[in-house]
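Here are the chains, one letter per residue:
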Amino acid sequence: KFDIVSFYPSITKPLLEQAISWAEEYYSFSPQQIEVIYHSRESFLFFNNEHWVKKENPDFDVTMGAYDGAEVCEIVGLFILKKMSMFFKNEHVGLYRDDGLAVTSGSGPEIERTKKKIFKLFQDLGLKITIDANLKQTDFLDIWLDLPNHSFRPYRKEKDNLKYIDIKSNHPKSIKKHLPQMIANRISELSSNQDIFRANQKPYQNDLEQAGYDCQREFEG
């Protein structure tokens, strides 16, 4: 499991240029699109009538609040995955924003050598990462994966208090009508079997009930 440190602000213009150049193997960008992408990287911050700029690359920034910040992050992420595919068989590696997960096998020394190669790859791209290796069980986003038992289940951090749309809110009726089933479907997708679904559905049911919903649902295998 790996995490890209400060991913958005660490994306440099040369890295984005490499990612776009690679992406052009699959999509033809127009000159205007390229111009808009780079022009949108110019961000400005004003405070007390003063203009604040980054010390490095003041005319280039990938901000998390920008409308296209996530899209820039995605295209760079895909480029990174392409680079990482040389280390993992059958494309057993994935990345969501700055969180990555890969599956491989080998001895302890082999895994350590792979780690060093990955660190070097990211260093060459101007990025820093942290890596947890030799894991047989781990969480990733909203799922817990268990390789020895060939199972998976929903994952939520301790003391997580989810807030769903209140049944009395002015949101569209169609959204409120289908919300409990949507949540049940998601919990089903994150559960490798019915027993795991039933063992993990209660916290989500409680959160839905607090929002005013009738949420008795069954496992959708």
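Residues numbered from 1 in each chain as written. Predicted model: local features only at pLDDT ≥ 70, side-chain atom pairs only at ≥ 80, totals over all residues. Heavy atoms only, no water.

1. Overview of the overall build of the protein chain
Item 1. Of regular secondary structure, the protein chain possesses eight helices and nine strands.
Item 2. When the backbone C-alpha atoms are referred to their principal axes, the protein chain occupies close to 55 × 55 × 35 Å.
Item 3. For the protein chain, the residues scored as buried account for 33% of the 221 residues in total.
Item 4. Entry remark: accessible area of the protein chain is about 15000 Å², with carbon and sulfur atoms responsible for 52%.
Item 5. Each charge class in the protein chain can be summarised by its mean position, and for the 29 positive and 33 negative side chains these summaries are 4 Å apart. (Helix = DSSP H or I, 4+ residues; strand = E, 2+ residues; numbered from the N terminus. Buried < 20%, exposed > 50% of the residue type's maximum accessible area, 1.4 Å probe, protein only. Areas by Shrake-Rupley, 256 points an atom, 1.4 Å probe, with all protein chains shown as cover. Lys, Arg positive; Asp, Glu negative; His and termini not counted. Charge placed at Lys NZ, Arg CZ, Asp CG, Glu CD.)

2. What to know about the pairing of strand β7 (residues 137-140)
Item 1. Where burial is concerned, the two faces of β7 differ: the one with Thr 138 and Phe 140 is buried and the one with Gln 137 and Asp 139 is not.
Item 2. Looking at chain direction, β7 and strand β8 (residues 143-146) are connected through four bridges and run antiparallel. Across the sheet, the residue bridging to Thr 138 is Leu 145, located in β8.
Item 3. Between β7 and the antiparallel strand that follows it, β8, lie two residues; Leu 141 among them carries a positive phi value of about 60 degrees. (Pairing = 2+ DSSP bridges.)

3. A few points about the side chain of Asn 200
Item 1. Looking at the element boundaries, Asn 200 is found in helix α7 (residues 194-200).
Item 2. A residue is classified by how much of its surface remains accessible, and Asn 200, at 18% relative accessible area, is buried.
Item 3. What Asn 200 contacts, discounting residues up to four positions off in sequence, is Arg 153 and Pro 154. (Contact = heavy atoms within 4.5 Å.)

4. Remarks on the pairing of strand β5 (residues 99-102)
Item 1. Across two bridges, the pairing between strand β1 (residues 2-4) and β5 is antiparallel. Along β5, the bridge assignment pairs Asp 3 with Asp 99.
Item 2. Where strand β4 (residues 93-96) lies against β5, four bridges are found, and the strand directions are antiparallel. Note that in β5 the partner of Leu 95 across the bridge is Gly 100.
Item 3. The turn linking β4 back onto β5 is made up of two residues, and Arg 97 within it adopts a positive phi angle of 55 degrees.

5. Thoughts on the sheet that holds strand β6 (residues 129-131)
Item 1. Strands sit in the order β4-β5-β1-β6 across an open sheet of four strands; the sheet is antiparallel. On the outer flanks of this sheet lie β4 and β6, each paired with one strand and no other. The average undirected angle you get between the axes of adjacent strands in this sheet is 15 degrees.
Item 2. Contacting β1 and β4, helix α4 (residues 69-84) crosses the sheet at an angle of about 165 degrees to β4.
Item 3. Contacts from helix α5 (residues 108-124) reach β1 and β6, with the element oriented near 170 degrees to β6. (Axes fitted to C-alpha atoms, helices over the stretch in contact; angles between N-to-C directions.)

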